[in-house]
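Observations on the three-dimensional arrangement
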Amino acid sequence: MAIPWKLLGLERFVAVANRRSRLFVDGKPSAPADDDGVPRVAYDEPVVGALDVAPLVRALFPCASDHGLAAIARELELPESAAPERVGRVFARTLEEVPVLDRDVVALLAELLPPPLARLLAGLLPVSAPASEPAETAVEVPSPADVPEGVAEALGPGGVVAAGLPRYETRTGQMVMACRVEATLRHGGALSVEAGPGTGKTFAYLVPAILKLREDKTARIVICTRTKQLQEQLYRKDLPFLADRIAPTLSVAMLKGRENYLCLRRWELLLQELVSGLERDRLASLAPLVRWLSDTETGDIEENRAFLASPTSRELWGRLHDSPHHCVGAFCPHMEGCFSIQARRRARKADLVVVNHSLLLADAATHGVVLGKYSHLVVDEAHAFEAAARVAFTGSLSQSMVERIVEQLAPPRNRRGGWVGRLPLAPEDEEALRVGNAAAVLPGQASRLFRSVESILSEERRGRLPNLSPASGDLEAFRAAVRGLGVDLEALIERVREEPDLAREGEGGLAALRELERVAGVLAGAPDENSVHWYEREAGRLALHVTPLDVAPILAACLYPDLAATVWTSATLSLGGDFTYVHRTLGLDAAFPDIEGTVAESPFSYEGRMRILVPGGFPAVLGDADAYAEALAALLADLYGALHRNGLVLFTSYDLLQRVRERLVGVVPLLAQGVDGPRTSLVERFRREKDGVLLLGADSFWEGVDLPGEELEVLVVTRLPFAVPTDPVFAAMSERCERTGGDPFHELALPQAVLRLRQGVGRLIRTQRDRGIVIVTDDRIRTKGYGRRFAEALPVAVEEIATPAELVREAAAWFGDRECRAGCSQAN
């Protein structure tokens with residue numbers, strides 16, 4: 001149905017592209033006026049309204065990858081036009097979505113969005129579709145396919161993979177790895193495989209896994225990745241492709257942590273609380289969820305880019321996602337449609353389940369409650385598993401945690417909200433009032449505790465916790481307050497046993513309180529031999545943690561005992577082919593004494609396609625910080641001026657990153673982590689640059705960033721990635737290593753740093769046609785004895801160039817001029 005533009009008062013409007021992409025409607029433009037450099041339009045007559053298009057676009061296209069004006073216009077396949085006209089086109093195209101939506105969805109959006117968008121959507125209600133009954137989902141049965149036996153028949157020349165991928169080539173490294181994985185899954189035991197870029201390691205473990213399940217109906221396999229992005233790739237792309245050709249009846253599922261799924265019950269409750277309470281201004285933040293909820297089959301919030309892009313929305317997500325502390329189970333009115341329960345049911349029934357490291361560890365900690373029994377485990381990105389395990393088994397206490405629990409039980413700002421406010425009790429009920437009052441004072445008790453702890457801490461952002469005896473009074477008072485609230489809450493839960501959904505939710509809050517008390521009790525004493533007590537400050541707020549140092553015994557107890565076979569793989573898993581470090585830190589050597597390690601060679605020829613250069617005459621990285629930052633900024637500016645290519649600059653500290661950034665702002669095109677947006681947004685902007693840009697990135701950019709071809713041609717490593725010696729967890733691990741007769745530098749710091757450097761350098765060459773230069777400005781790689789360990793771990797020889805200026809000239813000569821660039825690319 002057509003949009004009734006005249007009835008809506010929109011038969012004439014003027015589009016203006018400014019920072020907020022507004023539409024000024026029903027007015028006549030006169031001379032433009034500037035306000036702080038923002039283009040605006042002045043009017044001869046009063047303006048009827050100004051529509052901010054951005055919230056409407058985010059609400060109606062929540063899963064778009066980018067909600068910027070140019071990006072959304074491309075995604076909607078709108079013709080190229082000037083910015084003001086583009087705003088109008090986007091607006092008109094966005095409104096065309098309304099007639100196809102259920103009327104209930106449009107009505108709810110009209111409630112959530114601010115005026116005048118709310119009035120606009122209310123005016124469109126007559127043309128929206130009536131609410132429809134959910135249709136039965138058709139089950140697609142894959143057509144029969146020729147499914148040959150064995151790894152060779154799947155991955156070899158003329159195999160099913162080659163038949164389905166015209167450009168597929170059989171790779172020796174992939175075939176070797178697949179054969180080793182197949183033998184391990186068939187006979188049992190453990191295997192670790194290092195498989196570099198281009199090996200095809202994903203297919204090399206997926207094909208044997210599928211073959212195992214096709215031949216052994218009693219087996220069940222879990223595939224575990226580090227990131228949700230790789231989870232999505234495996235589940236939505238790689239596994240359907242392979243399973244359709246090898247085992248069409250294979251049942252596959254993907255499962256993420258409960259915090260990734262929207263809880264329908266909490267969605268309804270939050271809407272009610274925001275409407276009836278003091279937070280109506282936050283309603284618009286929920287708008288991107290409305291249409292998405294009517295379309296999504298999974299309830300996985302990762303689908304909804306628009307919602308996740310807003311800080312307010314991300315904050316509200318803590319009150320919307322599924323959680324064991326809030327789930328009422330069988331008593332929930334939405335149980336049959338619960339996204340989280342459906343995902344877990346699919347996973348428990350599946351032959352093969354794709355999870356991430358965090359979920360696998362959470363399942364291990366609960367002895368298989370989430371995933372159920374499985375016989376075989378494949379862990380990808382295994383180099384990161386030890387750190388993930390340490391995080392998973394860390395207990396924490398923070399002001400934010402306390403406030404979140406109180407907000408969910410009995411929010412002080414809104415006594416009609418929270419769990420207590422929903423109980424079928426009179427407002428003056430004594431026990432309900434007692435719980436509300438006890439909850440109201442708990443944040444204050446926590447504040448006193450944290451102030452007391454702050455008074456005995458150093459000014460560092462992270463550090464070891466000293467003995468907390470000076471704060472023992474406030475710590476005990478906090479524990480007593482938590483216990484008291486727990487006692488009152490338990491009594492109130494008994495009062496509402498006949499309301500099982502409310503009772504179950506109350507028990508979740510009680511479990512959260514008991515965990516707070518447990519962690520506080522542990523912090524009150526001295527750490528044991530295998531743990532460290534430490535603190536960190538985030539956004540000015542203090543958090544206290546208890547972290548295990550050696551995760552191997554924990555994994556040996558809860559992850560390995562029931563496995564018939566396990567495979568661990570990554571692009572960086574060994575030190576020159578020696579797997580001792582990873583086997584020891586993960587406890588694989590003790591759990592599987594016969595474990596083998598193998599390196600599947602990458603098919604890439606790095607010689608001629610990569611150079612690693614170290615400038616001579618560069619300031620020492622451990623010397624004057626300003627002198628080093630000045631020299632680094634000058635080198636980067638000269639490199640950009642000579643090359644005009646995309647460059648990723650890897651830092652190990654935000655302090656150095658900021659020092660360099662300050663010197664480069666306005667000198668070269670620049671993107672910086674922590675300043676110009678989150679990592680995902682930075683990577684997308686980096687990819688789109690055609691004339692070159694420098695991206696300054698810290699910790700999270702050393703791995704998991706895939707930038708092939710011209711998206712990345714220059715990589716700068718500003719410092720060898722040793723762990724910070726004063727980091728509380730690393731320092732405690734070093735002390736423990738020394739106590740047990742080890743050498744912390746050679747057994748801990750050096751292996752970690754070498755593997756980290758290999759990860760960072762691995763960002764550069766991602767495909768057969770990639771080429772680029774790595775520049776290491778930390779001269780320790782050539783001046784220190786241990787520098788040889790780093791150099792030997794890299795894919796090509798490290799070359800020293802006499803001066804930074806000569807290095808820039810050498811890089812420019814190696815790439816050739818920009819006119820030659822396109823010709824060389826075509827020739828290759």
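In case you missed it, the structure is sitting above this.
Residues numbered from 1 in each chain as written. Predicted model: local features only at pLDDT ≥ 70, side-chain atom pairs only at ≥ 80, totals over all residues. Heavy atoms only, no water.

This part covers the sheet that holds strand β12 (residues 462-464). Reading across from one edge, β11-β14-β13-β12 is the order of the four strands in this open sheet, with antiparallel pairing throughout. The strands lining the two open edges of the sheet, one partner per strand, are β11 (395-398) and β12. The average angle at which neighbouring strand axes cross in this sheet is 20°, direction not considered. The pairing of strand β13 (residues 531-538) with strand β14 (residues 541-548) spans eight bridges and is classified as antiparallel. Note on β14: the bridge partner recorded for glutamate 536 is alanine 543. Packed onto the sheet, helix α18 (residues 399-409) meets β11 and β14 and runs at close to 80° relative to β11. (Pairing = 2+ DSSP bridges. Helix = DSSP H or I, 4+ residues; strand = E, 2+ residues; numbered from the N terminus. Axes fitted to C-alpha atoms, helices over the stretch in contact; angles between N-to-C directions. Contact = heavy atoms within 4.5 Å.)

According to the stated counting rule, one finds 49 salt bridges in the structure shown. One salt bridge in this structure joins arginine 180 and glutamate 596, with 2.4 Å as the shortest N-O distance. Separated by 416 residues along the polypeptide, arginine 180 in helix α8 (residues 172-187) and glutamate 596 in strand β16 (residues 596-600) bring together distant segments of the chain. Accessibility expressed as a relative area gives 28% for arginine 180, which makes it partly exposed. For glutamate 596, a relative accessible area of 44% translates into the label partly exposed. Between aspartate 626 and arginine 659 there is a salt bridge, with the nearest N and O atoms lying 2.5 Å from each other. Linking aspartate 626 in helix α26 (residues 625-643) with arginine 659 in helix α27 (residues 654-664), this pair joins segments that are 33 residues apart in sequence. Look at arginine 659 and you get partly exposed, because its relative accessible area is 23%. (Salt bridge = Lys/Arg side-chain N within 4 Å of Asp/Glu carboxyl O. Buried < 20%, exposed > 50% of the residue type's maximum accessible area, 1.4 Å probe, protein only.)

Inspection of every chain in the model, using the stated rule, returns 13 aromatic pairs. Seen from their ring centres, tyrosine 560 and phenylalanine 592 are 5.6 Å apart, and the 65° between their planes marks the pair as edge-to-face. With tyrosine 560 in the loop between α23 (552-558) and β15 (565-570) and phenylalanine 592 in the loop between α25 (588-591) and β16, this pair connects stretches of sequence that are 32 residues apart. In terms of burial, tyrosine 560 and phenylalanine 592 fall into one category: buried. Considering the side-chain rings of phenylalanine 618 and tyrosine 628, the 5.7 Å spacing of their centres and the 90° angle between planes classify their relative orientation as edge-to-face. Note that phenylalanine 618 is positioned in the loop between β17 (610-615) and α26 and tyrosine 628 in helix α26, a separation of ten residues in sequence. The exposure class assigned to phenylalanine 618 is buried, which follows from its relative accessible area of 9%. (Phe/Tyr/Trp six-rings, centres within 6.5 Å; stacked < 30°, edge-to-face > 60°.)

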